[in-house]
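Chains, contacts and geometry: an overview
Residues per chain are reported as follows:
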Amino acid sequence: LPAEVWTALPGRQVVLDTFSVAKITPGYAPFSMDPELTRAVWLYIVPSIALFFASLSIKPEWRGRVMFVFLLAAVLCALLGLVQRFQGGNSSFFLFPDNNADPYAKGTFLNRNFFAAQLYCAVPVVIAFAVEAMSGRSLSKYVAAFLYGGIFVTIMAALGATGSRTGLGLGMLAVV
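Parameters at a glance
- Residues numbered from 1 in each chain as written.
- Predicted model: local features only at pLDDT ≥ 70, side-chain atom pairs only at ≥ 80, totals over all residues.
- Heavy atoms only, no water.
- Helix = DSSP H or I, 4+ residues; strand = E, 2+ residues; numbered from the N terminus.
- Rg over C-alpha atoms; globule rule 2.2 N^0.38 Å.
- Buried < 20%, exposed > 50% of the residue type's maximum accessible area, 1.4 Å probe, protein only.
- Axes fitted to C-alpha atoms, helices over the stretch in contact; angles between N-to-C directions.
- Parallel < 35°, antiparallel > 145°, perpendicular 65-115°, else oblique.
- Contact = heavy atoms within 4.5 Å.
- Nonpolar A, V, L, I, M, F, W, Y, C, P; charged D, E, K, R; others polar.
- Salt bridge = Lys/Arg side-chain N within 4 Å of Asp/Glu carboxyl O.
- Phe/Tyr/Trp six-rings, centres within 6.5 Å; stacked < 30°, edge-to-face > 60°.
- Lys NZ or Arg CZ within 6 Å of the ring centre and 35° of its normal.

1. Quick notes on the overall build of the protein
When its secondary structure is counted, the protein shows eight helices and zero strands. Starting at the N terminus and walking to the C terminus, you meet the elements of the protein as α-α-α-α-α-α-α-α. Relative to the 2.2 N^0.38 estimate, which gives 16 Å for 176 residues, the radius of gyration of the protein is 23 Å and therefore markedly larger than a compact globule would have. Within the protein, buried positions represent 26% of all 176 residues.

As structure tokens, then:
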């Protein structure tokens, strides 16, 4: 970036003060203060982009099955998370060691916020399955409503057990 641009960015005043003390004229500089770290951060998004493009290649008749597997994994993780939360921070159901014995549910994740992300992403999926099941005209629609209602309650309870405020907010947004 030209000196006129990068010097106007926030967090650059320390660098500018150092340059003025050393009597160095600012020249072109990278956008990031740590280009190697910035490249590493951009690499973290590659799996998400790959998964997005892979999901575009799924045949329409298989999309429901893929979402069912995702929902099944979310429900199993939600149940694991509820067991973790109700057994406390020293539960043997935590899959990763934690130094501070954090009592919040983490499911199969290292971080409770990642677990919350899995759960709030599952909320629209369970609602979509429930709406599809309720569109029929039979006695089984009441069984499906009871089943998906139980799954929804389980996911929302596990979302609360994570203790993630952002996860709860996004979960409520997903319900809407």
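From this point, things continue past the structure.
2. What to know about the packing of helix H6 (residues 112–134) against helix H8 (residues 165–175)
Between H6 and H8, whose axes approach to 9 Å, the crossing angle comes to 10°. Between H6 and H8, the crossing angle belongs to the class labelled roughly parallel. Residues Ala-116, Tyr-120, Val-123, Pro-124 and Ile-127 of H6 form the contact with H8, whose participating residues are Gly-167, Leu-170, Gly-171, Ala-174 and Val-175. Split into classes, the residues belonging to the contact of H6 with H8 amount to eight nonpolar, two polar and no charged.

3. Some points on the pattern of salt bridges
Inspection of the entire model under this criterion finds one salt bridge. A salt bridge links Glu-36 to Arg-39, with the shortest nitrogen-to-oxygen separation between them at 2.4 Å. You can see Glu-36 and its partner Arg-39 sitting in helix H3 (residues 35–44), three residues apart, about one turn around the helix. Judged by relative accessible area, Glu-36 falls into the exposed class, the value being 54%. Residue Arg-39 is classed as partly exposed on the basis of its relative accessible area, which comes to 46%.

4. Points about the packing of aromatic side chains
Scanning the model with the defined rule gives four aromatic pairs in all. Ring geometry for Phe-52 versus Phe-53: centroids 5.3 Å apart, planes at 65°, classification edge-to-face. For Phe-52, a relative accessible area of 47% gives the class partly exposed. Taking relative accessible area as the criterion, Phe-53 reaches 51% and is therefore assigned exposed. On the numbers, 6.4 Å between centres and 35° between planes, the contact of Phe-109 with Phe-115 is tilted. Following the ring pairs from residue to residue traces out a cluster consisting of Phe-68, Phe-129 and Tyr-148. One cation-aromatic arrangement involves Arg-112 over Tyr-104; the distance from NZ or CZ to the ring centre is 4.5 Å.

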